[in-house]
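# Report on the structure
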Amino acid sequence: MCGIIGYIGSKEAYNILLQGLKRLEYRGYDSAGIGITDSKTGKIVLNKAVGRVEKLKGKEIKGTIGLGHTRWATHGKPTLENAHPHLDCSGKIAIVHNGIIENYLELKDRLKKKHTFSSETDSEVIAHLISENYKGDLRKAVMESINDLYGTYALCIIHQDKKEIVVARNGSPIVIGLGEKENLVASDVSALVEHTKRVIYLDDLEMAVLKQDSVEIFDKDGKKIEKNIVTIDWDLTQAEKAGFKHFMVKEIHEQPDIIRNTLNLEMPKIKNDFKRIFIVACGTAWHAGLVGKYILEKHARIPVTVDVASEFRYMDPIIGKGDLFIAISQSGETADTLAALRLAKKKGAKTLGIINVMNSTIARECDDVIYTRAGIEIGVASTKAYISQLIVLYMLAESLSGKEINGLKDLAAKALKTVDLKVKAQEIAKKYFRVYNFLFIGRNINYPTALEGALKLKEISYIHAEGYSAGEMKHGPIALVTDQVPTVAIAPKDSVYSKMVSNMQEIKARNGRIIAIATEGDKDIARYADDIIYIPKTEEILTPVLAVIPLQLLAYSIADMRDCDVDKPRNLAKSVTVE
Ligand code: M6R
């Protein structure tokens, strides 16, 4: 949700900021902007564009101190006026902001008597507030100003007369990169690794002052503090497409390796003395949690409750000592999941994170963390992170029960065969890519697979898709079935196969067209399905891993045929750091 980058050093800042924004663009891509203190005039010059970062290319501003921002609109449409950086009235102070200032209207009312506002954003109030408090010391002015802010922020500020960048954090991630005679700051390390591998993660209510040769960190009372320097082990080649048309399809193809890598990780020792497990997550990670419930209850026989984080945080949950709370998150920064985690901790539960991004806020705040081995996931639609979350949940079930899950070791090889179904998925996509509605049905452990298949399709192709438990169809959704509304039925040969077949027949009887995800060798399914994608045979508990891959491929092929921007679907962002 919004990407921030800042540079101070001896090099020209513009292209460094531009490159950083490209790396951060997955966080938001409604508009972008760069602000630099012009080395000739000494004044801050802005360059903004509506749409993609690319539009800022070739419009260099000369100078060695600057800020960049890529926006995911919250307050106000994606216009030039609403794009960051925002200036105060004098034009001497520029700010970039990620987060939401909840009391901005109240502040705006107070400030507009003396200050002229030029955007509809909540962020602009911060620039005017700092200007109001500025008496020659930028850090002090920022410190005073943030006392008045109610909400979340990662903030970077420059003043044309100062050779420094002031940074502040509350609730939105920000990380500082330590260079040689230069320092950088960004929303995440992807924008820093080209310059340095030594970073400092700011925590909530901390501030930093970056100069060319120094970085100072301050606590909430303004006292200077020392922080750990973390060395990051990122491989930038992971952030390239490697010959694939999109990151999403590259990431789908990486899944067999990711299964292997994740199975090799060392599990932390978690004592199995819990009364209950609560899994909380959002979006695709929530779907992983739903599969996790089946896995943990079937294999480890521990009761599991799964909730979306945005609901859990407001439901006054009955959770406490003796319970295990599991947060699942690819980014480790999702605002709702983080809030739910903090609530569970406050109520005394033991907390465990299943997280992909190292050192992310959720990872740092959990009692224990298991890092999934998905590598950098760039496509906004989560694919490989989901698979790695499922693998960790299987391993957790093994560890909590002390019993092995048969077939887990063969799963990577079977996933490799499943990834090869791309051509079949394209063939089916050609038949259906023009429809307006899709249904996805599944039962038992593959009910969440149906939800995930529908989410993948809707988010990247903009086709309306609903995921349903197959048994629920007759309670309403079957009314939608016509020959223009195809249904994807996840029907591997498992304990609920005959029930799935009955549900498919009910759809056929109403002229519905069916695409079945079935087990290799199941010839009978052809009687009920118009199209079939066969997945390798595996144990029932493992079928969600193999069944979701053709759904990812189908969604990808349909979205690509519809010429959609697969890796950056409209209105979405990779890291959802606002509520
Ligand atoms: O980073 P997280 O795993 O916490 O993100 C959760 C969701 O925002 C994410 O899974 C989202 O639903 C994806 N766009 C799904 O493809």
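Residues numbered from 1 in each chain as written. Predicted model: local features only at pLDDT ≥ 70, side-chain atom pairs only at ≥ 80, totals over all residues. Heavy atoms only, no water.

### A closer look at the packing of helix α7 (residues 283-300) against helix α11 (residues 384-401)
The test is simple: Angles run from 0 to 180 degrees between N-to-C directions of axes, and those axes are lines fitted to C-alpha atoms, restricted for helices to the stretch in contact. The numbering of helices and of strands both runs from the N terminus, where a helix is a DSSP run of H or I of at least 4 residues and a strand a run of E of at least 2. Oblique is the label for any angle not covered by the other classes, which are roughly parallel (under 35 degrees), roughly antiparallel (over 145) and roughly perpendicular (65 to 115). Crossing handedness is defined as follows: a turn of the near helix away from the far one that is anticlockwise and smaller than a right angle gives a left-handed crossing, while the clockwise case is right-handed. By definition in these notes, contact holds between two residues if any of their heavy atoms fall within 4.5 Å. Any residue that is not Ala, Val, Leu, Ile, Met, Phe, Trp, Tyr, Cys, Pro, Asp, Glu, Lys or Arg is counted as polar, Gly included; the first ten are nonpolar and the last four charged.
One way to put it is that α7 packs onto α11 with a least axis distance of 9 Å and a crossing angle of 25°. Relative to α11, the element α7 is oriented roughly parallel. Crossing hand, α7 versus α11: right-handed. Counted together, Thr 284, Ala 285, His 287, Ala 288, Val 291, Gly 292, Ile 295, Leu 296, His 299 and Ala 300 of α7 and Tyr 386, Gln 389, Leu 390, Leu 393, Tyr 394, Leu 396, Ala 397, Glu 398, Leu 400 and Ser 401 of α11 form the full contact between these two elements. Considered class by class, the residues forming the contact of α7 with α11 number 13 nonpolar, six polar and one charged.

### Considering empty space enclosed by the protein
The criterion, for reference: Grid points spaced at 1 Å and placed over the protein atoms alone form the basis of the search, with a cavity being a set where a 1.4 Å probe fits but cannot get out and a pocket an open set showing protein on both sides within 12 Å along at least five of seven lines. Lining residues have an atom within 4 Å of a point. Grid points are joined across faces, edges and corners, and a volume is the space filled by probe spheres set on the points.
Taken as a whole, this structure holds two cavities of 30 Å³ or more when the rule is applied. Approximately 70 Å³ is the volume attributed to the largest cavity. Along its surface, the largest cavity is lined by Cys 2, Arg 71, Trp 72, Thr 74, His 75, His 84, His 97, Asn 98, Gly 99, Thr 121, Asp 122 and Ser 123. Split into classes, the residues belonging to the lining of the largest cavity amount to two nonpolar, eight polar and two charged. Reported here for the second largest cavity is a volume of approximately 40 Å³. In terms of lining residues, the second largest cavity is bounded by Pro 492, Lys 493, Thr 519, Ile 535, Pro 536, Lys 537, Thr 538 and Thr 543. Partitioning the lining of the second largest cavity into residue classes produces three nonpolar, three polar and two charged.

### Overview of the domain arrangement of the protein chain
As a reminder of what qualifies: What counts as a domain boundary in this text is fixed by an automatic or database domain assignment.
Here the protein chain is described as being made up of domain 1 (3-232), domain 2 (240-405) and domain 3 (419-564). Taking only C-alpha atoms into account, the centre of domain 1 sits 45 Å from that of domain 3.

### Focus: the packing of aromatic side chains
Here is the rule we go by: Working definition: rings of Phe, Tyr and Trp (its six-membered ring) pair if their centres are within 6.5 Å, and the pair is stacked with planes under 30 degrees apart, edge-to-face with planes over 60 apart, and tilted otherwise. Partly exposed residues are those whose accessible area sits between 20% and 50% of the maximum for their type, while under 20% is buried and over 50% is exposed, using a 1.4 Å probe and protein chains only. For a ring to carry a charge above it, either NZ of a lysine or CZ of an arginine must fall within 6 Å of the ring centroid while also lying within 35 degrees of the normal to the ring plane.
As enumerated under the stated definition, the model contains four aromatic pairs in all. With centroids separated by 5.6 Å and ring planes inclined at 50°, the aromatic side chains of Phe 312 and Phe 325 adopt a geometry described as tilted. Placement of the pair is Phe 312 in helix α8 (residues 309-312) and Phe 325 in strand β18 (residues 323-329), with a sequence separation of 13 residues. For Phe 312, a relative accessible area of 0% corresponds to the buried category. Phe 325 gets classed as buried once you look at its relative accessible area, which sits at 0%. Measuring from centroid to centroid gives 5.8 Å for Phe 438 and Phe 440, while their planes differ by 35°, and the two rings are tilted. Overall, the relative accessible area of 2% leaves Phe 438 in the buried class. Each member of the aromatic cluster is reached from another via a ring pair, and the members are Phe 278, Phe 312 and Phe 325. Geometry around Phe 218 places Arg 139 over its ring, the cationic atom sitting 3.8 Å from the centre.

### Quick look at the environment of Lys 431
Note on placement: Lys 431 falls in helix α13 (residues 422-432). Residue Lys 431 is classed as partly exposed on the basis of its relative accessible area of 46%. Separated by 326 residues in the primary sequence, Lys 431 and Leu 105 place their C-alpha atoms 51 Å from one another. When sequence neighbours within four positions are dropped, the list of residues in contact with Lys 431 reads Asp 530 and Asp 531.

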